[in-house]
Amino acid sequence: MKIAFIGLGNMGGPMAKNLLKAGHEVLAVDLNAKAVAELVAAGAEAGDLASACRCPVVVTMLQAGHQVAGIYLGDNGLLAKLEAGTLVIDSSTIDAATAKKVHQAAAEKGIDFVDAPVSGGTAGANAGTLTFIVGGSDQAFERAKTVLDAMGANIFHAGLGGAGQVAKICNNMLLSVLMAGTCEALKLGMAHGLDPLVLSNIMKVSSGGNWVLEKYNPVPGVMDNAPASNGYQGGFMSQLMSKDLELAMGAAGEVAAPVPMGSLARSLYQMHNKKGNGAKDFSSLLALFEE
Ligand code: NAD
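Since we're looking at a predicted model, the values are computed, not measured.

Colleague: Can you walk me through the side chain of aspartate 115 in this structure?
Modeller: Inspection of the secondary structure puts aspartate 115 in strand 6 (residues 112-115). Here the side chain of aspartate 115 touches glycine 164 through a polar contact of 3.1 Å, landing on its backbone nitrogen. Among residues more than four places away in sequence, those in contact with aspartate 115 are Asp90, Ala99, His103, Ile133, Val134, Gly135, Gly136, Gly161, Gly162, Ala163, Gly164 and Gln165.

Colleague: So what exactly am I meant to see when it comes to the site of the ligand here?
Modeller: Close to the ligand lie 24 residues; Asn10, Met11, Asp30, Gln63 and Lys243 are nearest. At 2.7 Å, a side-chain N or O of glutamine 63 approaches an oxygen atom of the ligand. Burial of the ligand by the protein amounts to 88% of the accessible area it has alone, namely 840 Å². Grouping the constituent residues of the shell around the ligand by class yields 11 nonpolar, 10 polar and 3 charged. Each of domain 1 (2-160) and domain 2 (166-290) accounts for three or more of the residues forming the shell around the ligand.

Colleague: Can you help me understand the packing of aromatic side chains in this one?
Modeller: Each aromatic ring pair is described using two quantities: the centre-to-centre distance and the angle formed by the ring planes. For the structure shown, the criterion picks out 4 aromatic pairs. Plain terms: the ring middles of tryptophan 211 and tyrosine 216 are 5.3 Å apart, the flat faces sit at 25 degrees to each other, and that makes the pair stacked. When the centroid spacing of 5.1 Å and the interplanar angle of 50 degrees are considered together, the rings of tyrosine 216 and phenylalanine 282 count as tilted. Note that tyrosine 216 is positioned in the loop between helix 10 (211-215) and helix 11 (238-255) and phenylalanine 282 in the segment after helix 12 (260-277), a separation of 66 residues in sequence. Clustering of aromatic rings is evident, with ring pairs tying together Trp211, Tyr216, Phe236 and Phe282.

Colleague: Just checking my understanding: could you explain the UniProt feature "domain: 6-phosphogluconate dehydrogenase NADP-binding" (unreviewed entry) in the protein chain for this structure?
Modeller: Mapped onto the present numbering, the UniProt feature "domain: 6-phosphogluconate dehydrogenase NADP-binding" (unreviewed entry) falls at residues 2-159. Annotated as 39% helix and 25% strand, the span residues 2-159 places its first and last C-alpha atoms 27 Å apart.

Colleague: I'm lost on the packing of helix 8 (residues 163-191) against helix 9 (residues 196-204) in this one. Help?
Modeller: Each pair of packed helices can be summarised by the angle the axes make with each other and by the distance between the axes. With their axes 10 Å apart at the nearest point, helix 8 and helix 9 run at an angle of 130 degrees to one another. The pairing of helix 8 with helix 9 is recorded here as oblique in orientation. As for how helix 8 packs across helix 9, the hand of that crossing is right-handed. Counting all contacts with helix 8, which are made through Ala185, Leu186, Gly189 and Met190, the residues of helix 9 involved are Pro196, Leu199, Ser200 and Met203. The class makeup of the residues in the contact of helix 8 with helix 9 is 6 nonpolar, 2 polar and no charged.

Colleague: What should I look at first to understand the pairing of strand 9 (residues 152-159) in this one?
Modeller: Residues in a regular strand project their side chains so that they alternate between the two faces of the sheet. Pairing geometry for strand 8 (residues 130-135) and strand 9, over 6 bridges, is parallel. Opposite isoleucine 133, over in strand 9, you have phenylalanine 156 as the bridge partner.

Cut-offs applied
Residues numbered from 1 in each chain as written. Predicted model: local features only at pLDDT ≥ 70, side-chain atom pairs only at ≥ 80, totals over all residues. Heavy atoms only, no water. Helix = DSSP H or I, 4+ residues; strand = E, 2+ residues; numbered from the N terminus. Polar contact = N/O pair within 3.5 Å; in protein donor to acceptor, adjacent residues only side chain to side chain. Contact = heavy atoms within 4.5 Å. Near = heavy atom within 4 Å. Areas by Shrake-Rupley, 256 points an atom, 1.4 Å probe, with all protein chains shown as cover. Nonpolar A, V, L, I, M, F, W, Y, C, P; charged D, E, K, R; others polar. Domains from an automatic or database assignment. Phe/Tyr/Trp six-rings, centres within 6.5 Å; stacked < 30°, edge-to-face > 60°. UniProt positions renumbered as here; feature names shortened; annotations may be inferred. Axes fitted to C-alpha atoms, helices over the stretch in contact; angles between N-to-C directions. Parallel < 35°, antiparallel > 145°, perpendicular 65-115°, else oblique. Left-handed = near helix turned anticlockwise from the far one by under 90°. Pairing = 2+ DSSP bridges.

This is the structure we're talking about:
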C-alpha cells in the first residue's frame, strides 16, 4: 500500500520508518528537508502535498490544530484534491473541534477519515508499540487499523469523530499531573540526600508507582534511554504539553468540568516554558523544583 506520510518530526519520523519495515511504500513529506532525507535513506520516496494527493492512504503527524486545518481544509486543502475512497489518518494531538471539522469535510467528499492521536512517546514510536486512540466510523476504523497495526501495539476505537482527541487530552492532562508529582517527590527525597535511582526503584513498586517512574524518569542518569539522560532532547517538548493542557482546559470549559489538578499543571508548564524551556522534553519540569 502506498502511504503519504506528512510530518516526519520526533514522532512521525520513526512511525513512517515502521510503515516501511512492514512492507508499505512511503511518500515522505515534511517542510524540513533533513527529515525527508532521513526517511529516503530508510527506503521512502521524497514527496510533496501534490504527490500526496495521488496516494490511497494519507497520514499526518503535525503539531497543532491550525496546521492540520491548513493541510486538509479549504479550496487548496488536501480533502478538496484527494480521490473519494481515500483513507486519511490524522495522528496529531489537536482540539476535538478542528478534528470534527475535518471529519465533516471528509464525509462530504466520501473520504474515510479518523482522528488517531497516540500515546507512548518517542520510545513507543521507535519500537512500533504506540497506543492509537481512534475516533471515526466503524468502517474507517477497520480500514485504519490495518495501517496502524504496523506502528502500534494497542489500537482503541474511542467513539465517533473527535472522540480520539478527547480521550487523548484526558490522558495527557493526567500525565502532566503525574510528571509534576513525580518531579516534586524525587526532588524532596534528593534534598534529603537520597539517591534518585534508589528512591525511584522504591516508589516504582510501591503505591506511588506510575508510568513516569516506569518509563520516563525525569532525573538525568536514572534511566539511560529517557530524554532526561539525553539533555532533555528528542522526546515530547514542554511547549507541546502546554498545548495539550490548553486543549484540556478548553474541553473542560465546554462541559463545566472541574479540573483543579490539570489547571495547576498547566500553570507549572507555563512558568517552565516562560523560562526558555519550551523546546526541551517535558520531563525537564524537574528544574522548576530546584529553585
Ligand atoms: P515535531 O515538531 O517533532 O514534528 C512535527 C513535524 O511536522 C516537523 O518535522 C515539521 O517540520 C512538520 N510540519 C509542520 N508543518 C508542516 C507542513 N505544513 N507540511 C509538512 N510538514 C510539516 O512534533 P512531534 O513531537 O513529532 O509531535 C507531533 C504530534 O504528536 C503533536 O501533536 C504532539 O502533541 C503529538 N505527540 C507527541 C509525542 C512525543 O513524545 N513527541 C507523544 C504523543 C503525541
